[in-house]
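Residue-level listing of the chains:
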Amino acid sequence: MKKKRSGHYCRICGKTRPNEKFSGKGHRNHICKECARKPKTERDEIDQTEEIFSFMNQSHISKKNVERLTVLADSENEKVSELANIVLEMARVKPYKKRRLKMLARERRDLLKKLDETGLVLAHRY
Ligand SMILES: [Zn+2]
């Protein structure tokens, strides 16, 4: 049987699901009905984790990004707060992506280790 290609991507569970699995609002927000029923804290964790990882992939972490990371670092969610704190520290030491890992390997092995342990370093290498 040929696999149907129609469907819609859910940014929370990361799956492409049939259109009937999305409400009108869900379509716009890219959240399937199942994920829409999850608690907001859980959805926020996924969204914010993704957001923090995307900063790693930018060529430069701007002042505005730093402001956002400061907010996320204050999160009651431990995982989000930990990730945000690491990226925030990195942004203070080396906001530019270019030669970042080399510089950290030379001067901030502790920070590099944290990036490695959390998987953040993978986002840097995309
Ligand atoms: Zn979903």
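Residues numbered from 1 in each chain as written. Predicted model: local features only at pLDDT ≥ 70, side-chain atom pairs only at ≥ 80, totals over all residues. Heavy atoms only, no water.

> Mind showing me how you'd approach the pattern of salt bridges here?
Note on pairing: side chains with opposite charge can pair once their charged atoms come close. Per the counting criterion, the structure on display carries ten salt bridges. A salt bridge links Arg-17 to Glu-34; the shortest N-O distance between them is 3.6 Å. With Arg-17 in strand E2 (residues 16-17) and Glu-34 in helix H2 (residues 33-36), this pair connects stretches of sequence that are 17 residues apart. Looking at Arg-17, the relative accessible area reads 14%, which means it is buried. (Salt bridge = Lys/Arg side-chain N within 4 Å of Asp/Glu carboxyl O. Helix = DSSP H or I, 4+ residues; strand = E, 2+ residues; numbered from the N terminus. Buried < 20%, exposed > 50% of the residue type's maximum accessible area, 1.4 Å probe, protein only.)

> I tried to follow the domain arrangement of the protein on my own but got confused; where do I start?
Put simply, an interface is often sized by how much accessible area is lost when its parts join up. Domain parsing of the protein yields domain 1 (1-38) and domain 2 (40-124). Inter-centroid distance (C-alpha atoms) of domain 1 to domain 2 is 28 Å. Each partner contributes to the interface: domain 1 provides six residues, whereas domain 2 provides five residues. Summed over both partners, the interface of domain 1 with domain 2 buries about 550 Å², with 50% contributed by carbon and sulfur atoms. (Domains from an automatic or database assignment. Contact = heavy atoms within 4.5 Å. Buried area = accessible area lost by both parts, 1.4 Å probe.)

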